[in-house]
Amino acid sequence: MTKNPDSNAMWGGRFSAMPDQVMEAINASIDVDKRLAEQDIAGSKAHAAMLAKTGVITAADEAAIQKGLDQVLSEIRDGKFKFSKALEDIHLNVESRLKEIIGEPAGRLHTARSRNDQVAVDFRLWVKSACETRRDQITALMKALLVQAEAHADTVMPGFTHLQTAQPVTFGHHLMAYVEMFDRDRGRFADAVVRMNESPLGAAALAGTGFPIDRHMTAKALGFDRPMANSLDCVSARDFALEALTSVAICAQHLSRLAEEIVIWSSAQFGFVRMSDAWSTGSSIMPQKRNPDAAELVRAKSGRAMGSLVQLFTIMKGLPLAYSKDMQDDKLTTFEAFDSLDLSLQAMAGMIATMTPNKERMRASASSGFSTATDLADWLVRELNVPFREAHHITGAAVKAAETAGIALPDLPLGVLQKLEPRITDKVFAVLTVDASVASRQSYGGTAPTRVREQVAAWKAKLG
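Being a predicted model, the structure only gives us computed values, none of them experimental.

If you tally the helices and strands in the chain, you get 18 helices and six strands. For 464 residues, the compact-globule estimate of 2.2 N^0.38 gives 23 Å, and the chain exceeds it by more than 25% at 31 Å. Taking the principal axes of the C-alpha coordinates as reference, the chain spans close to 100 × 50 × 40 Å. With 464 residues in all, the chain has 49% of them scored as buried. Split by element, the accessible area of the chain, about 22,000 Å² in all, is 54% carbon and sulfur. Taking the average location of the 53 positive side-chain charges in the chain and that of its 55 negative ones, the two points are 1 Å from each other.

Listed below in structure tokens is the structure:
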């Protein structure tokens, strides 16, 4: 066994030798959990205040602890704190430095708690904050989408199914679909916060403590609604992180779908939008290229988010109650997922805000592929009382005739249409333009520009 004079002595009374270097390396988590420094110190300050109020420690010891913790936090924020792998994690790093600053009172801080409930409260606070931050970022993206949707409420584009032209829609309507998706993502993060907003602090190692602590006091001080009700659950639960990562993964998947559309839209073959230079890159060999790299990277990062969720599920799936060291790896995978979503949301908001739609190209594409065929069928039903299935058959025959002649459906001669259904009049041509098609879709949630503008106005009022 390798002896290391700097190794943690906080649990060393049970052992006669220091950890092997490999054991020390695999056991240490400070490179990851130092991100919990703010939360760890906040938890310690709340714990110290509670210990003093309940008479477990003296007011003088609490004052020393609070002052010392403030100094530790200042050193960390200023980048002057020296993190030690030998001290394993953020908890022991902070406590060791606190002891250097204030001496004996530092040893009283850990009364009535364990690193098990300490890390549980730190991690829960971090995930809660991360959920709230991502919710704000999603709101910023939704606002960027609303600006474009309002500007293009009547910009006609093809709507697709199977990536084949289906019916005309408006670009604003298309973007508003993502506003709805992202709002559900906001809701999932908000819901996750509601369920995770209970404090595990005070559970100690797993069984609670014999000291007369006040867990309601620490829960309130840390911004939780209440303390968790079962000490075993306090230190073993990571479903709050799993739920948060599920929200991350679904949001990342929505971002990936939008990113894929940006890749398609910005291609030379489609030419629906032009991406800003700020969100495009060039080629090392082909000078004509404008690559949508930011969108492609957003698309790729969705895989990391989904992988992180599966990784945490795998870590937790076979663990008995209460705490196991496997759970040390919960933080890295969670941090990586939230970091990826952070970058993706910022990048997507930037891309959406600065992209320039090509109205003419979209309109030309929307007018192709017999996109108003459904409007012909609807006209037959509405004006001639033709059963829809029969109208569908007549319209299919009309499309075939136009395709054979090499012309668009609105250019098909009236005589050809009347051979298919004698009662058709020239009034039918009024519904076969793409503008008439989108304007007719007046049902709630439809693509008509008036409906799109109503939805934009409602969302602007909701988001503020």
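Attention now moves to the nonpolar core. Core analysis: the largest hydrophobic core is formed by 91 residues, its most contacted members being Phe-182, Phe-338 and Met-348. In contact with Phe-182, not counting residues within four places along its chain, are Ile-138, Leu-141, Met-142, Leu-145, Cys-251, His-254, Leu-255 and Leu-258. Judged by nonpolar contacts, the second largest core, of 19 residues, contains Ala-373, Leu-384, Ala-391 and Leu-409.

In this chain, Leu-321 is followed by Ala-322 through a cis amide linkage whose omega measures 15°. Checked against the element boundaries, Ala-322 lands in the loop between helix H11 (293-316) and helix H12 (330-354). Here the phi dihedral of His-162 falls at roughly 60°; this positive angle occurs in a residue that is not glycine. Following the sequence through the fold, His-162 ends up in the loop between strand E1 (156-161) and strand E2 (164-170). His-162 gets classed as exposed once you look at its relative accessible area, which sits at 75%. A positive phi angle, close to 60°, is found at Asn-385, a residue other than glycine. In this fold, Asn-385 is placed in the loop between helix H14 (373-384) and helix H15 (388-405).

Considering all chains together, one arrives at 10 aromatic pairs under this definition. Considering the side-chain rings of Phe-81 and Phe-83, the 4.8 Å spacing of their centres and the 55° angle between planes classify their relative orientation as tilted. Exposure remark for Phe-81: the relative accessible area of 9% places this residue in the buried category. Among the residues examined, Phe-83 registers a relative accessible area of 28% and is labelled partly exposed. Between Trp-126 and Phe-338, the ring centres sit 5.6 Å apart and the planes meet at 85°, which makes this aromatic pair edge-to-face. Residue Trp-126 is found in helix H6 (residues 115-151), and its partner Phe-338 is found in helix H12; the two are separated by 212 residues along the sequence. Of the two residues examined, Trp-126 and Phe-338, each falls in the buried class. The rings of Phe-123, Trp-126, Phe-189, Phe-240, Phe-335 and Phe-338 are connected pair by pair, giving a single aromatic cluster. One Lys or Arg, Arg-35, reaches over the ring of Phe-335 and ends 4.6 Å from the middle of that ring.

Attention now goes to the environment of Leu-321. Here Leu-321 lies in the loop between H11 and H12. Put simply, Leu-321 and Leu-206 are 115 residues apart on the chain and 8.9 Å apart in space, counted from C-alpha to C-alpha.

Let us now look at helix H13 (residues 359-366). Along H13, the positions that sit buried rather than exposed are Met-362, Ser-365 and Ala-366. An end-on view of H13 places all buried positions within 100° of arc, on one side of the element. N-capping of H13 is provided by Asn-358, with a side-chain oxygen placed 3.3 Å from the backbone N of Glu-360.

Two elements, E1 and E2, share six bridges in a ladder whose sense is antiparallel. Its bridge partner being in E2, Gly-159 is matched across the sheet by Gln-167. The loop that links E1 with its antiparallel partner E2 comprises two residues; one of these, His-162, has a positive phi angle of about 60°.

On to the environment of His-174. Note on placement: His-174 falls in helix H7 (residues 171-196). According to the relative accessible area criterion, His-174 is buried, its value standing at 17%. On a C-alpha basis, the gap between His-174 and Thr-447 in space is 8.2 Å, while along the polypeptide they are 273 residues apart. Those residues in contact with His-174 that lie beyond four places of it in its chain are Met-157, Glu-261 and Trp-265. There is a polar contact of 2.7 Å between the side chain of His-174 and the side chain of Glu-261.

Glancing now at the pattern of salt bridges. For the structure shown, the criterion picks out 25 salt bridges. In this structure, the salt-bridge partner of Glu-38 is Arg-77, at a minimum N-O distance of 2.8 Å. Placement of the pair is Glu-38 in helix H3 (residues 37-53) and Arg-77 in helix H4 (residues 59-77), with a sequence separation of 39 residues. Classification of Arg-77 as exposed rests on a relative accessible area of 55%. Residues Lys-45 and Asp-70 are paired through a salt bridge, measuring 2.8 Å at the closest nitrogen-oxygen approach.

Here Thr-395 lies in helix H15. Since its relative accessible area comes to 5%, Thr-395 is described here as buried. Every residue in contact with Thr-395, bar those within four places of it in the chain, is listed here: Ala-373, Leu-376, Ala-377 and Leu-380.

Axis separation between H4 and helix H5 (residues 90-102) bottoms out at 9 Å; the angle between their running directions is 120°. With respect to H5, the axis of H4 lies oblique. Once H4 is placed against H5, the crossing between them reads as right-handed. Where H4 abuts H5, its residues Ala-64, Ile-65, Gly-68, Leu-69, Gln-71, Val-72 and Glu-75 lie against Val-94, Arg-97, Leu-98, Ile-101 and Ile-102. Looking at side-chain class alone, the contact of H4 with H5 contains eight nonpolar, two polar and two charged residues.

What counts, and at which threshold
Residues numbered from 1 in each chain as written. Predicted model: local features only at pLDDT ≥ 70, side-chain atom pairs only at ≥ 80, totals over all residues. Heavy atoms only, no water. Helix = DSSP H or I, 4+ residues; strand = E, 2+ residues; numbered from the N terminus. Rg over C-alpha atoms; globule rule 2.2 N^0.38 Å. Buried < 20%, exposed > 50% of the residue type's maximum accessible area, 1.4 Å probe, protein only. Areas by Shrake-Rupley, 256 points an atom, 1.4 Å probe, with all protein chains shown as cover. Lys, Arg positive; Asp, Glu negative; His and termini not counted. Charge placed at Lys NZ, Arg CZ, Asp CG, Glu CD. Core = buried A, V, L, I, M, F, W, Y, C linked by side-chain atoms within 4.5 Å. Contact = heavy atoms within 4.5 Å. Phe/Tyr/Trp six-rings, centres within 6.5 Å; stacked < 30°, edge-to-face > 60°. Lys NZ or Arg CZ within 6 Å of the ring centre and 35° of its normal. Arc of directions from axis to C-beta. Polar contact = N/O pair within 3.5 Å; in protein donor to acceptor, adjacent residues only side chain to side chain. Pairing = 2+ DSSP bridges. Salt bridge = Lys/Arg side-chain N within 4 Å of Asp/Glu carboxyl O. Axes fitted to C-alpha atoms, helices over the stretch in contact; angles between N-to-C directions. Parallel < 35°, antiparallel > 145°, perpendicular 65-115°, else oblique. Left-handed = near helix turned anticlockwise from the far one by under 90°. Nonpolar A, V, L, I, M, F, W, Y, C, P; charged D, E, K, R; others polar.

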